[in-house]
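Next come the chains, spelled out residue by residue.
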Amino acid sequence: RKTRRAAGAACATAVAQRLERVYTTDLSYAGAPAIATLTAACDRDALRFYTLARNVNAKTYSVTAAPKGAQSGDSCGTLSINQLGVKSPTTAGCW
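Residues numbered from 1 in each chain as written. Predicted model: local features only at pLDDT ≥ 70, side-chain atom pairs only at ≥ 80, totals over all residues. Heavy atoms only, no water.

Chemist: How should I be thinking about the overall build of the protein in this particular structure?
Modeler: Regarding its fold elements, the protein presents 3 helices and 4 strands. Of the regular secondary structure in the protein, the N- to C-terminal order runs α-α-α-β-β-β-β. Radius of gyration (C-alpha) of the protein: 13 Å, near the 12 Å computed for a compact globule of 95 residues. Along the longest, intermediate and shortest principal axes, the C-alpha atoms of the protein span 40 × 25 × 15 Å. Here the protein holds 95 residues, and the buried ones make up 36% of them. In the protein, the share of contacts with a sequence separation of at least 24, taken over all contacts with a separation of at least 6, comes to 44%. Accessible area for the protein stands at about 5,100 Å²; split by element, carbon and sulfur atoms hold 54% of it. (Helix = DSSP H or I, 4+ residues; strand = E, 2+ residues; numbered from the N terminus. Rg over C-alpha atoms; globule rule 2.2 N^0.38 Å. Buried < 20%, exposed > 50% of the residue type's maximum accessible area, 1.4 Å probe, protein only. Contact = heavy atoms within 4.5 Å. Areas by Shrake-Rupley, 256 points an atom, 1.4 Å probe, with all protein chains shown as cover.)

Chemist: Help me out: how do you make sense of the sheet that holds strand S1 (residues 50-56) in this one?
Modeler: Pairing between the strands of a sheet is mediated by backbone hydrogen bonds and can be parallel or antiparallel. Strand order in the open sheet made by the 4 strands is S1-S2-S3-S4, with antiparallel pairing throughout. The sheet is open, and its two edges are formed by S1 and strand S4 (87-88), each paired on a single side. Pairing geometry for strand S2 (residues 61-67) and strand S3 (residues 79-82), over 4 bridges, is antiparallel. The partner of Thr 64 across the bridge, within S3, is Ser 80. On the sheet, helix H1 (residues 2-26) packs against S1, S2 and S3 and is oriented at approximately 160° with respect to S2. (Pairing = 2+ DSSP bridges. Axes fitted to C-alpha atoms, helices over the stretch in contact; angles between N-to-C directions.)

Chemist: Quick question: what am I supposed to make of the packing of aromatic side chains here?
Modeler: Geometry of an aromatic ring pair is reported as the spacing of the ring centres plus the angle between the planes. For the structure shown, the criterion picks out 2 aromatic pairs. Their ring planes at 75° and their centres at 4.8 Å tell us that Tyr 29 and Tyr 61 sit as a pair that is edge-to-face. In this pair, Tyr 29 sits in the loop between H1 and helix H2 (35-38) while Tyr 61 sits in strand S2, placing the two residues 32 residues apart along the sequence. In this pair, the class of Tyr 29 matches that of Tyr 61, namely buried. The cationic tip of Arg 4 hangs over the ring face of Phe 49; the distance from NZ or CZ to the ring centre is 4.6 Å. (Phe/Tyr/Trp six-rings, centres within 6.5 Å; stacked < 30°, edge-to-face > 60°. Lys NZ or Arg CZ within 6 Å of the ring centre and 35° of its normal.)

Right, dumping it as C-alpha cells:
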C-alpha cells in the first residue's frame, strides 16, 4: 500500500505543479485543463488505485487523490494538496 500511496501522492503533486504553470501564464487557475489532461503524465498504477480530481477557481485550487480498489482501505484515506502547498492528511507517512 505504501508504494501505491506514494504513486498517488506523486500524481497529486504533479497535477499541482501543472496548475502552478497554468497560473504563471494566465494569472488564474480557472482556465486549467481537465483532470484527464493534467494526469496524463502520471504513473498508470497511480490512476488504477487513486481517483484524481481538481477544484479550481481564479486564485485557488485543490487536488484530491481518493483511494479506490485494492487501495480503498488505506489508513491515510484521501490525499489532498492546495495552492498554498498544504497537504492533507498531516499524518506521518501519508505524504
